[in-house]
Amino acid sequence: IVPLLTTEIPNRLQITGAALLLRQDNGSFQSADGSIAGFPAHHRLVNHAEESDIPLVVGQERLRTGVLAELEAAGWEVALPLRSGGRLVGLYFLGPRRSGDLYTRQEVESLRALGRQAAATLENARLYSQVERYSEQLEDLVAERTQELARANQDLASERDRLDVVLQNMADGPLVTCLLYTS
């Protein structure tokens, strides 16, 4: 999905560029493809996205001008929060249109719909990856425990063999003694 969002969609929509930042375990946002620097968890753009799923669009003065100025200074015209299950999973940035036209409300709404689908896909991929990691960890743990059990069984088998020899010697001793006294 990353190439679709960062390459294919900008090409088709005649946009100068796009970037996708994904939430990390520590709450920060890092570029999915390394194309731009990430943001710490409490960055102004992240805070806006956490508070509202309304996209930031340069040219819409009704939104926080400081955040918009920062967005524009970075060369982006749209910052789209990506939410799945009420959780902010990413930020999708779109650059200016090659024509120089501003984004229309209809285009922004279409991008929001795309963003919802992308967010669900990204979240599913993250969860799948997490399940894979847990599965690998569980397999490693099972292998480790299996080796420990094999060593413990080997130790028990050795101890059992030693006890069998002791018991056999004890059983042989009284029998030999009894035979000696009866002779």
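It should be emphasised that the depicted structure is a prediction, and the values quoted were computed from it without experimental measurement.

K.L.:
Give a detailed account of the overall build of the protein, specifying residues and quantitative values.
P.N.:
When helices and strands are counted, the protein shows four helices and five strands. When the helices and strands of the protein are read in sequence order from the N terminus, they spell out α-β-β-α-β-α-β-β-α. In terms of principal-axis extent, the alpha carbons of the protein reach across some 120 × 30 × 25 Å. Per-residue burial over the protein gives 31% buried out of 183 residues. In the protein, 51% of the contacts between residues at least 6 apart in sequence involve partners at least 24 apart. Carbon and sulfur atoms make up 55% of the accessible area of the protein, which totals about 11600 Å². Across the protein, the mean location of the 18 positive side-chain charges is 8 Å away from that of the 25 negative side-chain charges.

K.L.:
Give me a nonpolar patch on the surface: which residues, what numbers.
P.N.:
A grouping of Leu138, Leu141 and Val142 is seen on the molecular surface, where their side chains present a nonpolar patch of about 260 Å² in accessible area. Summarising the element assignment, Val142 is placed in helix α4 (residues 105-182). Residue class for Val142 comes out partly exposed when judged on its relative accessible area of 47%.

K.L.:
Explain the nonpolar core to me, and be specific about the residues and the numbers.
P.N.:
Leu5, Leu20, Leu82, Tyr92, Leu94 and Tyr103 are the most contacted members of the largest nonpolar core, which totals 18 residues. For this core, the element with the highest residue contribution is α4, accounting for five residues. Once you skip the residues sitting within four places of it in the chain, Tyr103 turns out to touch Ile15, Glu77, Val78, Leu94, Gly95, Pro96, Arg97, Val108 and Leu111.

K.L.:
Quick rundown of the sheet that holds strand β1 (residues 18-23)? Include the residues and the values.
P.N.:
Sheet architecture is open: five strands sit in the order β2-β1-β5-β4-β3, paired in antiparallel fashion. The sheet terminates laterally at β2 (29-31) and β3 (56-57), the two strands that pair on one side only. Taken together, the two bridges between β3 and strand β4 (residues 78-84) define a ladder with antiparallel strand orientation. Residue Val57 lies in a different strand from β4, and its bridge partner there is Val78. Strands in contact with helix α1 (residues 2-12) are β1 and β5 (87-94); relative to β1, the strand with the most contacts, it is inclined by about 160 degrees. In the packing of helix α2 (residues 44-51) onto the sheet, contacts are made with β1, β2, β3, β4 and β5, and the angle to β5 comes to roughly 125 degrees.

The rules behind each value
- Each chain has its residues counted from 1, following the order in which its sequence is written.
- This being a predicted model, a pLDDT of at least 70 is required before a residue's local features are given, and a value of 80 or more before pairs of side-chain atoms are given or counted; all residues contribute to the totals for chains, interfaces and linings.
- Only hydrogens and water are set aside when side-chain values are computed; all heavy atoms of the structure are taken into account.
- Secondary structure elements follow DSSP: runs of H or I no shorter than four residues count as helices, runs of E no shorter than two count as strands, and numbering proceeds from the N terminus.
- Accessible area is worked out with a 1.4 Å probe on protein chains only. A residue is then buried under 20% of its type maximum, exposed over 50%, and partly exposed in between.
- Any two residues whose heavy atoms approach within 4.5 Å at even a single point are treated as in contact.
- Methods summary: accessible areas were calculated by the Shrake-Rupley approach with a probe of 1.4 Å, and residue burial reflects only the protein chains presented.
- Positive charges come from Lys and Arg, negative ones from Asp and Glu, while His and the chain ends are left out of the count.
- Positions of charges follow a simple convention, taking NZ of Lys, CZ of Arg, CG of Asp or CD of Glu.
- Patches draw on residues past 30% relative accessible area with no salt bridge. Two like charges within 9 Å are joined, as are two nonpolar side chains (Val, Leu, Ile, Met, Phe, Trp, Tyr) within 5 Å.
- Whenever Lys or Arg places a side-chain nitrogen within 4 Å of a carboxyl oxygen from Asp or Glu, that contact is recorded as a salt bridge.
- We define the nonpolar core as a collection of buried residues of types Ala, Val, Leu, Ile, Met, Phe, Trp, Tyr and Cys that are connected through side-chain atoms lying within 4.5 Å of one another.
- Pairing between two strands is assigned when DSSP locates at least 2 bridges connecting them.
- Every axis corresponds to a line fitted to the C-alpha atoms, with the helix fit spanning only the stretch in contact, and the corresponding angles, defined between N-to-C directions, vary from 0 to 180 degrees.

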